[in-house]
Amino acid sequence: MKKAAVICVSLLTLFMAGCIKEDLEDCYTTLYFSYLGDGTQEIFLEKTGKVDVYVYNESGALVQTIVLNRSELLKKQGVTLQLPDGRYRVVCWGNAYSDTQVTNGTALQSGLVGHPHYFTKNIIATNDSLYFGSRDVDLSADIYGVDTVRFSSAHIKMKLELIGLDDVKLPDGSSPIEVEVGNLSPVVDFSKKFSDENISYYPTGNFEKTSGVFKSQFNVLRFNDDNAVYVRLVNKETNNAVYTVNLKDFMKENKMTVDGINEAVIGIRFKFNNTSIIVRPWEEEDIRPGM
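It should be emphasised that the depicted structure is a prediction, and the values quoted were computed from it without experimental measurement.

A. Structural view of the overall build of the chain. Looking only at helices and strands, the chain has five helices and 19 strands in total. Expressed as a percentage of the 291 residues in the chain, the buried residues total 43%. As displayed, the chain has an accessible area near 15700 Å², and 50% of this comes from carbon and sulfur atoms.

Below, the structure written as structure tokens:
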């Protein structure tokens, strides 16, 4: 009985892994999603709640799109493809929610991902916390159909603090200072190449009563240590710039890096003190009013 049971299980595994051309028109393969961040432990489900899967044939034409929500990812951290014999390119975007739009995705070479406001030429405040994964897949009856799509980060998290403005808030309670983050890439293609075009983001800020601090937390598409990004503070009433930080120099001076880091975070604290502004980096656990 034990021998028979082993034979049955082996046959079932073979059937699920590949395809037999005499019995099935299509082949199967299962792709497991993996994201390790900057460590060695699996954290895919901690960072990703939705995956959009795009499958392209050898000509680069879209043949299948699959959207997996949180509940589906919790059941199976991956996707099973059922397609005719052939070679395919699978592209996955994690966390493409309301701050993400895919355009021209019907062709692998022309697909672009960016904020919806980029395509309508409106103001952009943030991006989703995007993750990217891709894999070439060979669907054949002779190949065992199990593989892994390894994800990497397509975004950088930015955190800004404006201290010392609680006494000069505008009548509606908002900050008298507008933040502009310039020379950012607005779109990324399906090979994870970021556009050379430069635009500005205008993140929103929230006033935290307990600390008396205006805070902005937002995502931007990735840039390197060698970048032209700047953070500019603008007086809303006069529309004049009151301070500008060259991010490349700021990062170098403060030994900050984003190169090779998936969960990259850039934090900057601006302290307004009468007529001067003190600028320094900060980490979340280091935030204290008046520091």
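Still more to cover.
B. Expanded view of the pairing of strand 5 (residues 86-94). Two strands pair when backbone bridges link them, and strand 2 (residues 51-56) and strand 5 are joined in this way by six bridges, in the antiparallel orientation. Looking across to strand 5, one finds that V53 is bridged to C92. Bridging between strand 5 and strand 8 (residues 131-139) involves nine bridges; their strand directions are antiparallel. Bridging from a neighbouring strand, Y88 pairs with V137 of strand 8.

C. A look at the pattern of salt bridges. Scanning the model with the defined rule gives nine salt bridges in all. Here D147 ties to R135 by a salt bridge, and the two come within 3.2 Å at their closest N and O atoms. Residue D147 is located in strand 9 (residues 146-153), and its partner R135 is located in strand 8; the two are separated by twelve residues in the primary sequence. Judged by its relative accessible area of 24%, D147 is partly exposed. Note that R232 is salt-bridged to E180, the shortest N-O span being 3.9 Å. Taken together, the residues R232 in strand 16 (residues 230-235) and E180 in strand 11 (residues 177-184) connect sequence positions 52 residues apart. Assessed through its relative accessible area of 10%, E180 is described here as buried.

D. Layout of the confidence of the model for the chain. Predicted confidence across the chain gives a mean pLDDT of 89, with 87% of residues reaching 70 or more. Counting contacts from residues 1-18, a segment whose pLDDT is below 50, to residues more than four positions away or on other chains yields nine contacts. Within the model, the stretch residues 20-24 combines pLDDT values under 50 with four contacts to residues more than four positions away or in other chains.

E. Local environment of the side chain of T48. Along the chain, T48 turns up in the loop between helix 2 (44-47) and strand 2. The exposure class assigned to T48 is buried, which follows from its relative accessible area of 2%. Beyond its immediate sequence surroundings of up to four residues, T48 is in contact with R70, L73, G94, N95 and Y131.

Each value, and the rule that gives it
Residues numbered from 1 in each chain as written. Predicted model: local features only at pLDDT ≥ 70, side-chain atom pairs only at ≥ 80, totals over all residues. Heavy atoms only, no water. Helix = DSSP H or I, 4+ residues; strand = E, 2+ residues; numbered from the N terminus. Buried < 20%, exposed > 50% of the residue type's maximum accessible area, 1.4 Å probe, protein only. Areas by Shrake-Rupley, 256 points an atom, 1.4 Å probe, with all protein chains shown as cover. Pairing = 2+ DSSP bridges. Salt bridge = Lys/Arg side-chain N within 4 Å of Asp/Glu carboxyl O. pLDDT = per-residue confidence, 0-100. Contact = heavy atoms within 4.5 Å.

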